[in-house]
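In case you want the letters, here they are:
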Amino acid sequence: MALADTERGVSSCGGDSPFSEIIELNVGGQVYVTRHKTLIAVPDSLLWTMFSKKSPKELARDSKGRFFLDRDGFLFRYILDYLRDLNLVLPDYFPEKSRLQREADFFQLRDLAKRLSPRVSKDNSISEEISQSDTEEGAQQCGSSGGMETLRAMSVSGAMRSPSLDSRKSGYITIGYRGSYTIGRDIQTDAKFRRVARITVCGKTSLAKEVFGDTLNESRDPDRPPERYTSRYYLKYNFLEQAFDKLTEVGFHMVACSSTGTCAYTSNDPNEDKIWTSYTEYVFCRD
């Protein structure tokens, strides 16, 4: 159905274009539905070339007939937002700006790529953050005493622009995991140690992204605002110590821990291996 609708057009987009007015895209497994005019909003961009200079038969499709792009599906939402009105406002805390800039370069959106560059981003609507290198450079240019005054002025100015900055300095993150291990009849030789299936992350969205960045799998909760809380994130790896190191590096410390466990046999024979299953939570705090 999607293939047929795409080729014949749900409604004509006008002129001699072979594309329908409504376009379905599959970007890295994420499905987007948008207007044809949105995709060609920026002349000479990659999407403009694909959807104005080529025919539907020349473009790759998935099994359901959607046009397929092998790019980051979650970051493409920001590319699409930019194409709608040539403006982009990112969340208060957005740790993937460099990756988004790479996507902007790939789609040949030069103006967007410039806005995302570190030196320009502080002067436009995409981000109000002041990078550390810019702050240090300003201090050096003004001399030691003048530099300190500049730093204080920048600090006050940044606090006025970002009321939520202080709220991001402290908070709680809870790490949970369900693990299991097997103890055989000969405990010393047959013990199979802890196996962690998945490490979950609970807490404020902005804090979770700050700590874990790209290692955070947010596919089950991608649209949650940074000031909201979530219990649906999990990590792309299963090493607890790696998660602990990440938290320690940014100033968190453990304040509580709880665990429950059950024991079962692999069969009805009590001489067979015992399987222990546990669920554990670790609560971390940054004051």
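For the structure itself, consult the block above.
Rules used in this analysis
Residues numbered from 1 in each chain as written. Predicted model: local features only at pLDDT ≥ 70, side-chain atom pairs only at ≥ 80, totals over all residues. Heavy atoms only, no water. Helix = DSSP H or I, 4+ residues; strand = E, 2+ residues; numbered from the N terminus. Pairing = 2+ DSSP bridges. Axes fitted to C-alpha atoms, helices over the stretch in contact; angles between N-to-C directions. Contact = heavy atoms within 4.5 Å. Buried < 20%, exposed > 50% of the residue type's maximum accessible area, 1.4 Å probe, protein only.

## Topic: unusual backbone geometry
The backbone of Asp44 sits at a positive phi, close to 70 degrees, despite the residue not being glycine. Position of Asp44 relative to the elements: it lies in the loop between helix H2 (36–39) and helix H3 (46–52).

## Looking at the sheet that holds strand S3 (residues 67–69)
Strand order across the open sheet formed by three strands is S2-S1-S3, with mixed pairing between neighbours. Of all the strands in the sheet, just strand S2 (30–35) and S3 have a single pairing partner and so form its edges. Sheet twist, expressed as the mean angle between neighbouring strand axes with direction ignored, is 30 degrees. Where strand S1 (residues 22–27) meets S2, six bridges bridge the pair, whose relative direction is antiparallel. Its bridge partner lying in S2, Val27 is registered against Gln30. Here helix H4 (residues 76–85) sits on the sheet and contacts S1, S2 and S3; the angle it forms with S2, its principal contact strand, is near 5 degrees.

## Section: the environment of Phe107
Its place among the elements puts Phe107 in the loop between helix H5 (97–106) and helix H6 (110–116). Owing to a relative accessible area of 1%, Phe107 belongs among the buried residues under this scheme. Residues Phe107 and Leu46, spaced 61 residues apart in sequence, show a C-alpha to C-alpha distance of 4.9 Å. Residue contacts for Phe107: discarding those within four places in its chain leaves Ser45, Leu46, Leu47, Leu69, Arg71, Phe76 and Ile79.

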